[in-house]
Structure formats: C-alpha cells, structure tokens
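Commentary on secondary and tertiary structure
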Amino acid sequence: MEIKRPNPDVLLERVQQEQRHEKKGKLKIYLGAAPGVGKTHTMLQDGLTQRARGVDVIVGVAESHGREEILGLLKHLEILPRLTVDYHGKQLSEFDLDDALRRSPQIVLVDEMAHSVAPGLRHKKRWQDIKELLDRGIDVYTTLNVQHIESLSDSVSQIIHAPIKETVPDSMLDMADTIELVDLPPEDLLKRLQEGKVYYPEQAQLAEKNFFRKGNLIALRELALRVTAERVGEQVLLYRHGLGIQHIWPTKEKILVCVGPEYESLKLIRAACRTANNLKAEWVAVYVDRPHLQSGDEQRNRAIQNLRLAEQLGAATRVVSGFDIVKEIINFARDQNVTQMMIWKTIYPRLRSFFKRSLADELVRNCGEIDVYIMTGESDKSKESKPAVIKQSMPWSIYGIAISIVGIATLLDLFLSPYFKEANLIMVYLLGVMLVALFGKTGPSILASILSVLAFGFFFIPPYYTFIISDVQYLFTLTVMLVVTQVISNLTILSRRQAERATNIEQQTTALYTLSRKLANTRGVDKLLEVGTQYIDEYFNSKVLAFLPKNGSLEIRSAFKKHDTIEDKEFSVAKWVYELGQIAGLGTDTLPFSRAIYVPLLGSQGSIGVLSVEPRVKRLFTPEEMRLLEACANQIALSLEADRLHEKTHKSKLQTEANRVRNVILQAVSHDLRTPLLSIMGSATTQIEMAKELNPAAVEKLGKTIYSESEQLNRLINNLLQITYLESEAIKLQKAPLSFDETVNVVVKMSTEKLEKRPLNVNIPRDLPTLSFDNNLIQEVLINLIDNAIKFTPDNSAIDLSVELEPNNLIVSVEDRGPGIAPDEVDKLFEKYYRGRMITSERGLGLGLAICRKIIDAHGGKIWAENREGGGASFKFTLPLQK
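Just so we're clear, the structure is a prediction, and the values are computed from it rather than from any experiment.

**Notes on the pairing of strand β2 (residues 57-61)**
Across the five residues that make up β2, a large majority, five, are buried. Pairing of β2 with strand β3 (residues 78-79), which is carried by two bridges, proceeds in the parallel orientation. Within β3, the position partnered with I58 by the bridge is E78. Viewed along the sheet, the connection from β2 through helix α3 (residues 68-74) into β3 turns out right-handed.

Next comes the structure, spelled out in structure tokens:
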C-alpha cells in the first residue's frame, strides 16, 4: 500500500480534535428505519456486555412498550428512578438528568433520543440531556429512528404523508463516535407488529394502516442505509487523510471529469452526468487554472462557464491552480478518493500527435489504480462560444519603450566595449530584455530579444557594422543569446502574471472578508441591503440597486445612490433573473442590451432577490470581477437568510412566550381565581339555605371561610393588577426616612394567622440606622417572601427572617427548611407566571417574586435566591443605606 508522510497541519488538527474529544463522553447511536426493528434490545444487550466487563452501566430511560424481551433484559441492569412531573393533572415520568449526573456512571443507556421532555424541566428535548451528559464526560448509548433526523424530516413527511414533530439536529449525529444500523426487513417487521412485539394490539392495528405500510418501511429503510453509508464514507476519507494514504479505496464510485475551455468539455460534462446518474455516484468537475504567456482571460472565462453547466447538472465544481495539469488532477483525485476519471481527447493528424503532448495519454500513464474513460473526436472550433469581453489592444508605446531600451543598451555597450569583453556586453542586453519583460507583454519582449541579438551582431561581432558572421563561434554565441533572452523574458512575464494573480486573489479575499464583517455587524433587511449595495458601489465604481419580492412582484428595496425610476426594459431583465436564478444583462449572452448586469441573490431555497450593477464608466467586467461580484451577492443573500431566520426564531420565541402566558392566565382564571369564588359561593349558599339550623359557631366558621377566600382572591387580583402597573409605568416611590424594624413588626403581625403552627424567628440588630424607602412596597416584598416560604415549609417548621448590616447595604433574608431550589430554577423564579415544579396544590399566579424584583430594582437594590445549608431555600434582597 502506498503511504506518504501525513500532512503536518492535518495531523496537528486531528490530534487537537482528539484531545478535545477525550474530555467529553462518547456517543453511540443505534439507528433504525422504524420502531420495532430492535434498537432498544440491541442497546440493552450491549449494555449487559459492557457490565460483564466491569463497566459501570445504568439505564436512564428504556421504553419496553410491553415487550417481554425488553423487560427481561432490564431485570439484569441497574435502572435509574424516573422523575415524576405533574403536567395538567397528569403524572409524567421523565429521565432524571440531575440524578444521573450525581450517580456519574461510565455509561448511561437513554432510549428515544428525539423524545420531547415535559415542560418545566431543564431542557425541552432529550437529545439536549444527552449532550449535557457527554459534555460532563459520561458515555451515552441511545436509539434513534431515521425519520427524526432534522435534514430528512421533509423527505420523510413526503413519504408517510404526515408531519414529523420531533427531530434531532444533524450535529448530534456528527458528534457520534459510532452509528450502528439496526436493520430488519419490512416483512419481518410487519410480522413482529402483528404479533404484538412492537405496540399493544390496539395501537398495532392503527399503526399498520398508517405508518407501517410496506412501501413506507422500504423507503425508510433505504434512508437509514444511506445515512449509515454516508457516515462510513466520511470516516474512510478522514482515515485516509489522517495517515496520508494515497492508494484509492474504492468503497463507492466517485467520478472526476476534467473540464477545459473547449466546446468538447460540454459533451464530456453531459456524458459524465449520465454516467453518474446510472451509477448513482457522486461526481466532481475540475478545471486546472495555470498561468500562460498569452492572456488567459477568455479561456478561463469559457472554462468557468463550462463549470457552471456541470454545477447545474448536479456536480461539485473545483478550480485548482498549478503549472502541471496532470500532477494537479492526479493529486486532487487521490485526495478525494476518486474511482473514475473522464477526459476528452482530440484526434489530431498522426504527425502532429507525434510532437504534441496528449493530456489524456499522460493521465492514463500516471493514474495508477484509477479508471480513466476517454471520449474522442475532432476539434470543432466553429462551435466554441466567444464570451462578450472587451479585448484590450496592445499599447504601441510599450513597443517604443522596448526599442528605446535596446538602443540605450547598445549605446552603453559602445561606451563599455573598449574596456570589457563581448561576454560582459551581452549582460547589458539581458538586463534590457528583462526590463522590457517587466511590462508583462509577450510581443515587446520578443521584439527586444531579437533586436538585442541583431544589435550585438551588428556592432560588436567582426566584421563590424554588418550582419555577416565570419566565425561559427559567434553564430553559436548569438543563438545562445537569443535563447537565453527568450527564456528570461518568458520567466519574468510568468512571474509577473503569477504575482498579479496572487494579488487579485488577495484583493478578492480581503473584499469578501470586509463585506462579511460589515454584514455580520448589521441587522435588518434594509440595513443589510444598504451596507451590501454601498460596498459594491464603492468597490466596482458602479450604480447598484437591490430588488426584493413583495406581494408577488419585485420592488426596489435599496438604492445607495437614490434613483427615481427604472426603465421597464431594465425591470424586465431583473424579473427574468429573479425567476430563473441566472445572471443576465451587460456582458452576458442573455439580454445583453441592458445597461447593467443583474446578479441573483441565491439562498438555500432559490432566488430571494436581485442585484443590479451598472458601471459608471461603460465597460464590461472581467472574469475575476464577475466571480467576486457573484461571491458578494451570495454573501448578501446568506446574510439576508440568516437575518430572516433570526427574526423568525425571535417571533417564534415571542409567540411561545405569549402562548405560555396565555395558558398560565387561563389556568389561573379557571382554577386559581375560580376556586375561591366557588368556596365563597358554597359558604354563602350554606348560610342562606341553613340560616335557621346553623349555630353561632358554624356561622362564624363559614364567615371566616368567606373572608379567607375573599382575601386570597383579592390578593391574586391585586398581584395581577400590580405587575401590570409596574411594567406599564415607571414606579413612583414614596420614600420616607423610616425604622426598618417597625416595618418588619407590622409584616409579622399581618402574617400571624397564615403562619399557623410555623414559628417565625426574627433577628434584627438593635443599632439599625434610619433608612429611606417606600414603606408600603417593602411591606409587599416581605409579605410575598413570607407567603412563598409558607407554601414550601412543613407544619411546625420554623421560618427565619433576619437582617444584616453592611457598609453600604442592608441585607434582608427570609429562609425556610423546605425542599430547596432546583439548580435550573434559580434564574427562573423571578420570572412572571413561573410557579416552580414543587408546587402541586397551592394556588397562585406566579407573580409574587416578579413583583418583589420590580420593587427592589426600583429601590436600587438586588434580590436573589439560593439553597440553604442543611436544606431549604433562602431569599435575600438588599437596600442601599441612606447617605
């Protein structure tokens, strides 16, 4: 096997990735085409195998769906207790992530990766729980059906004619160290379904009529096989690149087609497309761009047009730079693990073929194990399309400069000839030829070379002042001089062209970087278009317009240099470009009558707009400028799509939050507000209907119930109105110098009845200074915090209210010995309508703590919550001391 030394940069990157990966857990995904193929069974069997080897394995979640074989395997594994969550009166069992992290095993088995978690937990999706386990260094085995892969959800929806609601991002598959395909033929799967080994009998009958149709299962099985094959193919490429293996591994067919500027390349591209479609193979079109002595703009432009055709037909396209075409193509083919190459060979007369090097023959000679397919034919120059470019005429002044330089070199040699030999005089002419070659033009360089030889022979070779050569030795000298001057001039021109090419690439890269940086710091469609059109306007010295669709038609959305109107003829060009997604207008073969060139803004779903670029000085763009203009347009389109996606995500979050608030309010109205009303109505009805039969004690009890429920109802309504007021208007504090301990005493008296059997321990220093605060609002804060502590504190358990004095602040704490605060709830407790997972029967809107935060913020203090040592929660806030 041919192995070369690995690329040091690639090897270093691979080592760094492995080092980062070692700090995280390893992920193994059991991928299946559908439920019931045996993913969970295989995962549990592997878990038992690992446990037998001494590995610490626990089952986080495993859904048996009543299958006896699954239940049998679970008996031999440690199962993590599930977390019970109350959701709309239903008890849901979920994976307990915190318990798994505390247990910290080596491997956790987590079934159904795409599962949606019950609201109120840390994450919304189970794959997020899995990611956190991996980030904390715990290995995870999990199961996944192919329909839940995000990038395939649309395709699966078309197959099964139903939406896919639960998806897993493709990035999770990229994180997987192993993807194991658990496969089962559709016939066997349907048999298992009928035997009740997939779902319960009632569910099985419904599933067989919908999802579990044979056609659906066959298509899903193909998708699962394809995903696994693509994953294995990526691993093969990574392994070959990492070890620098040059030998081709033909694991799957991949076709490379060699594209040039000739018309015959179009035939070759179409043939390659047909071959790739027949073989169901990937194919890539490659053009080798190498510097020429003659201007290569026209040839390069034709080659780029041929590459565009290949891209339209489904090929990946690449442009490779280098001198040796054969070497560049072979290296690229080996790097991409290409199995077949296709190239065109023009048939020349036998004599010409003897002297002309054939690219096809050279590829066959150097291809090694890669198959080469050759298409042959005679060259047809008449069919070659000529791109609309402006031909730059050769400045005659350069020829004059070349003649002058040769003349100056001759005069200098005439002055030096008495002192130096002929070999030294030749150096002056070589210097002159090199100076002419620095202009980068071949014609003047050839002229200077010939004139130098003639001038040297005329003035410095005897017989002088004649072109007659008497000695053969001088003939050899002149011949070598001609060859050397030609080589020097050609090498100088090539070096200059390479430098120009590198400068152009650097300028284009800098231009794209500058544009992308400006767009990255901009938000909003109109601002993005303004930044993009302004940059293109300045860089290309052109008038730029941007068109975006609105209500089914195009309209001008941005004009850096404002234009009043646009001609109907120009607007029709913009509309054509938008509808077909192709470049048209000035300098192209499509609608060339236009004054501007129109470039589509291509997004992931097609054309999303059009750019109109009209040069201020009438000219056509060079191929390099066209490629840069297309790249700028693509960058603008990408930014527009990202902005729209960001706006859509923001609106979705707002809608989700609005729905959550609406549901909370509806729940509060239907339960928290309705419950006290029903209690009041019940007590009042009893008093009315049984007024004559009730004794005074019973009447008093019903009256207290009515008063208590009325007070509760009044408090709920007051909280709702208060938070609305605090958010709609600025809080106007009625501050006054007061003693804080008096405020605390008032609050304690107001809370005595609600405390019932719970002791309230108050600890206030005697030397508290006078504070300036709003007494009513601070009382509201203390009452809310004490009420909150009562909800979570068992009977006979004390609640502590303490005050500490700091140099600049007063710290007030209300602490209980309840269940404490879950780590993921610390930042949520002060949000509106958030009630916490621990609340099950207590009534409330979840507004008390949000009101506390608003009031304390208005006083310039801070409020926070934390867990108390020994168990329980501690709510603290600060008030600044009066200065």
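**A look at the packing of helix α16 (residues 396-416) against helix α17 (residues 422-437)**
Here α16 crosses α17 at 160°, and the two axes come no closer than 9 Å. Accordingly, the angle class assigned to the pair α16 and α17 is roughly antiparallel. Crossing of α16 against α17: the hand is right-handed. Residues A402, I405, V406, A409, T410, L412, D413 and L416 of α16 form the contact with α17, whose own contacting residues are L425, V428, Y429, G432, L435 and V436. Within the contact of α16 with α17, the residues separate by chemical class into 11 nonpolar, two polar and one charged.

**Side note on the packing of aromatic side chains**
With the rule as written, the count across this model stands at 13 aromatic pairs. Plain terms: the ring middles of F458 and F459 are 5.0 Å apart, the flat faces sit at 80° to each other, and that makes the pair edge-to-face. Residue classification places F459 among the partly exposed residues on the basis of a relative accessible area of 26%. Ring-pair connections join several aromatic residues into one group, and the members of that group are Y429, F456, F458, F459, F460 and Y465. For K28, the ring lying beneath its charged end belongs to Y141, and the centroid distance is 5.5 Å.

**A closer look at a negative patch on the surface**
On the surface, E150, D154, D170 and D174 cluster together into a patch of negative charge. In this fold, D170 is placed in helix α7 (residues 170-175). Look at D170 and you get partly exposed, because its relative accessible area is 30%.

**A few points about the environment of V320**
With respect to the element layout, V320 can be found in strand β11 (residues 316-321). Residue V320 is classed as buried on the basis of its relative accessible area of 15%. Remark: the alpha-carbon pair of V320 and V288, spanning 32 residues in sequence, is separated by 4.7 Å. Those residues in contact with V320 that sit more than four places away from it in its chain are V286, Y287, V288, D289, E328 and F332.

Thresholds applied
- Residues numbered from 1 in each chain as written.
- Predicted model: local features only at pLDDT ≥ 70, side-chain atom pairs only at ≥ 80, totals over all residues.
- Heavy atoms only, no water.
- Buried < 20%, exposed > 50% of the residue type's maximum accessible area, 1.4 Å probe, protein only.
- Helix = DSSP H or I, 4+ residues; strand = E, 2+ residues; numbered from the N terminus.
- Pairing = 2+ DSSP bridges.
- Right-handed = clockwise from strand over helix to strand, strands pointing away.
- Axes fitted to C-alpha atoms, helices over the stretch in contact; angles between N-to-C directions.
- Parallel < 35°, antiparallel > 145°, perpendicular 65-115°, else oblique.
- Left-handed = near helix turned anticlockwise from the far one by under 90°.
- Contact = heavy atoms within 4.5 Å.
- Nonpolar A, V, L, I, M, F, W, Y, C, P; charged D, E, K, R; others polar.
- Phe/Tyr/Trp six-rings, centres within 6.5 Å; stacked < 30°, edge-to-face > 60°.
- Lys NZ or Arg CZ within 6 Å of the ring centre and 35° of its normal.
- Patch = residues over 30% accessible without salt bridge, like charges linked within 9 Å, V, L, I, M, F, W, Y side chains within 5 Å.
- Areas by Shrake-Rupley, 256 points an atom, 1.4 Å probe, with all protein chains shown as cover.
- Salt bridge = Lys/Arg side-chain N within 4 Å of Asp/Glu carboxyl O.
- Lys, Arg positive; Asp, Glu negative; His and termini not counted.
- Charge placed at Lys NZ, Arg CZ, Asp CG, Glu CD.

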